[in-house]
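Chain by chain, the residues run as shown.
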Amino acid sequence: MINTALPSLTQHTLAALTSIRGETRRLFHGRGRCYAGLEHITVDWLQGQVLVSLFKQPSDEFLSELQQTIQTWPLSDEWQASETTSLLLQHRYLSSNLIECLWGEHVPQQVIIENDLKFQLDLDRNQNNGLFLDMRFGRQWVKENSQHKRVLNLFSYTCGFSVAALAGGAEYVVNLDMAKSVLNRGRENHRLNEHDLSQVSFFGHDIFKSWGKIKKYGPYDLIIIDPPSFQKGSFAITKDYQKILRRLPDLLCEQGTVLACVNDPNLTSQFLIDGMKEEAPKLAFQTRLENPPEFLDIDEESGLKALIFHVHQ
């Protein structure tokens, strides 16, 4: 992190702030390595709260200058026109995930809007706030391709895909995640959008011990796989993803579709394409979804990979 790069952070953030049209957006994506000296900084506009996140411990000098720099933002015309209510600084490199409020009022439980859908974020204790913004186009694709479908949402987290599927007219959605707390947040997200919870199931189970229960609710027209790169004691992407792929033929209907995702910067799209060929050869690769333009990356294979596969006869 380089002090002389901070004016660039201000320039790009305030310019992006002028384009906000009422929905949550990333304002600055340093992690795409397109801005030298700012590779460990992101800035998000969260329905009025601006969240600056530091992913690596900076020097004391850089941290002090960063705080001074971003505290000038509320004085700008761009900021005042945006109706922003707070400026937060999150120290993601600390185990406490400390969030400082540098200006305005910090609202820990924030409801945001994306693609006309509502989601509740936790801007207080957790490392991740409840919605991964780089998956915006993925949720939009699910919303547009779920009508009258039975959907299986694996590694569902706070059920963003499930909310999008029901909004798109899905017949039924099954969500599975080991963490029951995030599934509870998923229920709240559905309630925020006034969805009929009789059309949704929430299973707080280990995926590898739940195939019988999962299959019972199938077959599925659409299966979504969006795992963490690594989850201690439960999932390692390079050895466990294949175990999921080989189960797909037994879970899908005859014209079934799979949205398979990888967000490990060290794995390319080919990891999924090759894995599907080997473990579920009846599923043919169709296309890769684009990532939102605000998530600019020096190497498109380092960012999110969201690939569509379809059963071929």
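These lines cover the structure that appears in this document, whether it is placed above or below.

Criteria and thresholds
Residues numbered from 1 in each chain as written. Predicted model: local features only at pLDDT ≥ 70, side-chain atom pairs only at ≥ 80, totals over all residues. Heavy atoms only, no water. Helix = DSSP H or I, 4+ residues; strand = E, 2+ residues; numbered from the N terminus. Buried < 20%, exposed > 50% of the residue type's maximum accessible area, 1.4 Å probe, protein only. Contact = heavy atoms within 4.5 Å. Expected span 1.5 Å × (residues − 1). Arc of directions from axis to C-beta. Pairing = 2+ DSSP bridges. Axes fitted to C-alpha atoms, helices over the stretch in contact; angles between N-to-C directions. 1 Å grid on protein atoms, 1.4 Å probe; cavity = no way out; pocket = protein on both sides within 12 Å on 5 of 7 lines; lining within 4 Å. Points joined across faces, edges and corners; volume = space filled by probe spheres on them. Nonpolar A, V, L, I, M, F, W, Y, C, P; charged D, E, K, R; others polar. Core = buried A, V, L, I, M, F, W, Y, C linked by side-chain atoms within 4.5 Å. Disulfide = S-S within 2.5 Å.

What to know about the side chain of Ser-210
Inspection of the secondary structure assignment puts Ser-210 in the loop between β10 (200–203) and α7 (211–216). The exposure class of Ser-210 is buried, given its relative accessible area of 4%. Those residues in contact with Ser-210, other than ones at most four positions away along the chain, are Leu-176 and His-205.

Overview of unusual backbone geometry
Each neighbour pair has its own omega, and for Gly-218 with Pro-219 the value is 0°, a cis peptide bond. With respect to the helices and strands, Pro-219 occurs in the loop between α7 and β11 (220–225). Phi angles above zero are rare outside glycine, and Gln-47 is one such case at about 50°. With respect to the element layout, Gln-47 can be found in the loop between β2 (41–46) and β3 (49–54). Of note, the phi angle at Asn-115 is positive, near 50°, even though the residue is not glycine.

Describing helix α6 (residues 180–192)
When the terminal C-alpha atoms of α6 are compared, their 19 Å separation across 13 residues agrees well with the 18 Å that a helix rising 1.5 Å per residue should span. For α6, the set of buried residues is Val-182, Leu-183, Arg-185, Gly-186, Asn-189 and His-190. Seen from one end, α6 has its buried residues packed into an arc of 155°, which puts them on one side. Pointing more than 90 degrees away from the buried face of α6 are the exposed residues Lys-180 and Ser-181.

What to know about the sheet that holds strand β1 (residues 25–29)
Spatially, the five strands line up as an open sheet ordered β1-β2-β3-β4-β5, and their pairing is mixed. A single partner strand is all that each edge strand has here, and the edge strands are β1 and β5 (99–104). With strand direction ignored, the average angle separating the axes of adjacent strands in the sheet is 20°. In the packing of helix α1 (residues 6–17) onto the sheet, the strands contacted are β1 and β2, and the crossing angle to β1 comes to about 160°.

Points about the environment of Ile-2
Looking at where Ile-2 falls in the secondary structure, it is placed in the segment before α1. Overall, Ile-2 belongs to the partly exposed group, its relative accessible area being 43%. A C-alpha to C-alpha distance of 9.6 Å links Ile-2 and Glu-39, two positions 37 residues apart in sequence. Those residues in contact with Ile-2 that sit more than four places away from it in its chain are Gly-37 and Phe-62.

Regarding α1
Between its first and last C-alpha, α1 extends 17 Å over 12 residues, near the 16 Å set by a 1.5 Å rise per residue. Turning to α1, its buried residues are Leu-6, Leu-9, Thr-10, Thr-13, Leu-14, Ala-16 and Leu-17. Looking down the long axis of α1, one finds its buried residues gathered within 160° of arc, a one-sided arrangement. Turned more than 90 degrees away from the buried face of α1, the exposed residues are Pro-7 and Gln-11. Taken together, the buried residues of α1 touch β1, β2, α2 (60–70) and α3 (77–82).

Points about the sheet that holds strand β16 (residues 305–311)
Taken together, seven strands build an open sheet; the order of strands is β10-β9-β8-β11-β14-β16-β15 and the sheet is mixed. Both outer strands of the open sheet, β10 and β15 (283–288), are each paired with one neighbouring strand and no more. Taken pair by pair, the neighbouring strands of this sheet meet at an average axis angle of 20°, ignoring direction. The pairing of β15 with β16 spans five bridges and is classified as antiparallel.

A look at empty space enclosed by the protein
For the structure shown, the criterion picks out two cavities of 30 Å³ or more. Reported here for the largest cavity is a volume of approximately 40 Å³. In terms of lining, the largest cavity is formed by Thr-24, Arg-25, Arg-26, Glu-114, Leu-133, Arg-136, Glu-294 and Phe-295. Partitioning the lining of the largest cavity into residue classes produces two nonpolar, one polar and five charged. Here the second largest cavity is characterised by a volume of approximately 30 Å³. Its residues placed into classes, the lining of the second largest cavity shows five nonpolar, two polar and two charged.

Digging into the nonpolar core
Among the nonpolar cores identified, the biggest contains 35 residues, and Val-142 and Leu-259 are the most heavily contacted of them. Put simply, the parts of the chain that give this core at least two residues each are β7 (117–122), α4 (136–144), α5 (160–167), β10, β11, β14 (252–262) and β16. At five residues, α5 tops the list of elements feeding residues into this core. Ignoring anything within four residues of it in the chain, the contact list for Val-142 reads Phe-161, Ala-164, Ala-165, Leu-222, Ile-224 and Leu-259. In this structure, Val-174, Trp-211, Phe-235 and Ile-244 belong to the second largest nonpolar core, which totals 34 residues.

Side note on the state of the cysteines
Summed over the entire model, instances satisfying the criterion amount to zero disulfides. The thiol of Cys-261 is unpaired, and the distance to the nearest cysteine sulfur, on Cys-159, comes to 15 Å.

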